[in-house]
Amino acid sequence: MDDTAVRAFIVANTEIVTPPLVPEISLRLASKSVPIWQATESALEQIGVEPPYWAFCWPGGQALARFLIDAPDRVAGRSVLDFGAGCGIAAIAAARCGGVAYANEIDPLANTAVAMNAALNGVTVTTEPGDLIDSARSGWGIVLAGDICYERKFAERAIGWLRRLVRSGSDVLLADPGRAYVPSSGLDALACYEVPTSLDLEDRVSRTCIIWRVLP
């Protein structure tokens, strides 16, 4: 699928909304989970697209964005990587606060969605496609990771990599809304938010999301 077709697919399956915890930011998101999942399942059979995690604003991303907007000095003038960026809300918040923002996703549709959402908010976010875990890449001033501890194998790989980034000099912020595989140690709590959620995606109408500083 070429870029024009990807953008048309995203426009056709989303609408412009503002997340409840971060009304300063507008995003292209799916209003309901079932139609967008069905649409991508159909496209998956034809062109191999990934499931549409980018089409929703997950609690971790909202909490990170709120945290940065309320404390812009944390990122102003620094390079900021939004790891597993999804719709890109945390990267967009970092850019709004004066950071040099990058967003990492393995899904090409997600990278396009991030670029579209950044343009919608009048900011620049550079996409970093591909799997960065276990790579030699480093040097970001701040790394943001929202809602990544939902599956054991991935969480273990990601947290190990994030700790290595801390040892190499990056500040790493992990936002977790109570997922099963968040580490039980090596984290320092910085803030806590109650994030409204949809019963389309979660088993409750809100989740308590903690912003953790990852320790080495």
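Every value quoted in this text rests on a predicted model; they were computed, and no experiment measured them.

Asks: Any chance you could explain the pairing of strand 5 (residues 125-129) here in plain terms?
Replies: When a strand is regular, its side chains alternate between the sheet's two faces. Pairing of strand 4 (residues 100-105) with strand 5 involves five bridges; the strand directions are parallel. Residue Asn104 lies in a different strand from strand 5, and its bridge partner there is Glu128.

Asks: I'm lost on the pairing of strand 7 (residues 171-176) in this one. Help?
Replies: With respect to burial, strand 7 is a largely interior element, five of its six residues being buried. With five bridges joining them, strand 6 (residues 142-146) and strand 7 adopt parallel strand pairing. Looking at strand 7, one finds that Val143 is bridged to Val172. Of the crossover connections in this fold, the one passing from strand 6 over helix 6 (residues 152-167) to the parallel strand 7 is right-handed.

Asks: I'm lost on the side chain of Glu105 in this one. Help?
Replies: Assignment of secondary structure puts Glu105 in strand 4. Here Glu105 is buried and forms no salt bridge, its nearest opposite-charge partner Arg157 lying at an N-O distance of 12 Å. Among the polar contacts listed, one links the side chain of Glu105 to the backbone nitrogen of Ala85, at a separation of 3.5 Å. With residues near it in sequence (within four places) discarded, Glu105 still touches Gly84, Ala85, Gly86, Ala110, Asn111, Glu128, Pro129 and Gly130.

Asks: How should the sheet that holds strand 5 be read in this particular structure?
Replies: Strands belonging to one sheet form pairs held by backbone hydrogen bonds; the direction of such a pair is parallel or antiparallel. Within the open sheet, the seven strands sit side by side as 5-4-3-6-7-9-8. Their pairing is mixed. The open sheet terminates on both sides in strands that have one partner only, identified here as strand 5 and strand 8 (187-196). Direction aside, neighbouring strands of the sheet carry axes that sit 20° apart on average. As defined by bridge partners, strand 3 (residues 79-83) adjoins strand 4 across five bridges and the pair is classed as parallel. Across the sheet, Phe83 pairs through a bridge with Asn104, a residue of strand 4.

Asks: Would you mind going over helix 5 (residues 108-120) with me for this structure?
Replies: For helix 5, which comprises 13 residues, the first-to-last C-alpha distance of 18 Å matches the rise-based estimate of 18 Å (1.5 Å per residue) to within 8%. Regarding helix 5, the residues found buried are Leu109, Ala110, Asn111, Thr112, Ala113, Val114, Met116, Asn117 and Ala118. Here the buried face of helix 5 lies against helix 1 (3-13), strand 2 (27-29), helix 4 (89-96), strand 4 and strand 5. Regarding helix 5, its N-cap is Asp107, as a side-chain oxygen of that residue lies 3.0 Å from the backbone nitrogen of Leu109 further along. Just downstream of helix 5 lies Gly122, where phi reads positive at about 70°.

Asks: I would appreciate a short explanation of the environment of Ala90 in the present structure.
Replies: Looking at the secondary structure, you find Ala90 in helix 4. Ala90 gets classed as buried once you look at its relative accessible area, which sits at 1%. A sequence separation of 96 residues divides Ala90 from Gly186, and the C-alpha atoms of the two residues are 23 Å apart. Not counting the four nearest positions on each side in its chain, Ala90 is found in contact with Gly61, Leu64, Ala65, Leu68, Asp82 and Leu144.

Asks: Please clarify how the packing of aromatic side chains should be interpreted in this entry.
Replies: Any two aromatic rings considered together are summarised by their centre-to-centre distance and by the angle between their planes. Using the criterion set out here, one finds five aromatic pairs in the structure. With a centroid separation of 5.9 Å and 70° between ring planes, the pair formed by Phe56 and Trp58 is classed as edge-to-face. Its relative accessible area of 4% is what places Phe56 among the buried residues. The class for Trp58 is partly exposed, based on a relative accessible area of 22%. Both rings, one in Trp140 and one in Trp161, keep their centres 6.4 Å apart while their planes meet at 75°; by these two values the pair is edge-to-face. Taken as a pair, Trp140 in the loop between strand 5 and strand 6 and Trp161 in helix 6 lie far apart in primary sequence, 21 residues in all. Taken individually, Trp140 and Trp161 each receive the classification buried, so the pair is uniform in this respect.

Asks: Please clarify how the nonpolar core should be interpreted in this entry.
Replies: Soluble globular proteins tend to bury their nonpolar side chains together. Val125 and Ile211 are the most contacted members of the largest nonpolar core, which totals 39 residues. Among the elements that make up this core, the one with the highest residue count is helix 4 (seven residues). Discounting residues that sit within four places of it in the chain, Val125 has contacts with Ala91, Ile92, Ala95, Ala101, Tyr102, Ala103, Val114 and Ala118. Formed by 21 residues, the second largest nonpolar core is a distinct cluster that contains Cys149, Trp161, Leu174 and Val214.

Definitions and cut-offs
In this convention, every chain numbers its residues from 1, walking through the sequence in written order. In keeping with the model being predicted, local features are shown solely for residues with a pLDDT of at least 70 and side-chain atom pairs are shown and tallied solely at 80 or more, while totals for entire chains, interfaces and linings include all residues. Computation of side-chain values covers all heavy atoms of the structure but excludes hydrogens and water. Strands are treated as partners if at least two bridges between them are detected by DSSP. The numbering of helices and of strands both runs from the N terminus, where a helix is a DSSP run of H or I of at least 4 residues and a strand a run of E of at least 2. Exposure classes here rest on a 1.4 Å probe applied to the protein chains alone. A residue is buried below 20% of its type maximum, exposed above 50%, and partly exposed in between. With strands facing away from the observer, any crossover in which the path from the first strand over the helix to the second runs clockwise is taken as right-handed. Positive charge is attributed to Lys and Arg, negative charge to Asp and Glu, and no charge count is given to His or to the chain ends. The working definition used for a salt bridge is a side-chain nitrogen of Lys or Arg within 4 Å of a carboxyl oxygen of Asp or Glu. Pairing of N or O atoms within 3.5 Å defines a polar contact, subject to two protein rules: one partner must be a possible hydrogen donor and the other a possible acceptor, and residues neighboring in sequence count only if both atoms are side-chain atoms. The contact rule is simple, with two residues in contact once any of their heavy atoms fall within 4.5 Å. Note on definitions: angles span 0 to 180 degrees between N-to-C directions of axes, and those axes are lines fitted to C-alpha atoms, for helices only across the stretch in contact. Take the number of residues in a helix, subtract one, and multiply by 1.5 Å to get its expected span. For this analysis, a ring pair means two rings from Phe, Tyr or Trp (six-membered ring only for Trp) whose centres lie within 6.5 Å, classed as stacked if their planes differ by under 30 degrees, edge-to-face if by over 60, and tilted for the remaining angles. Side-chain atoms within 4.5 Å are what join buried Ala, Val, Leu, Ile, Met, Phe, Trp, Tyr and Cys residues into a set we call a nonpolar core.

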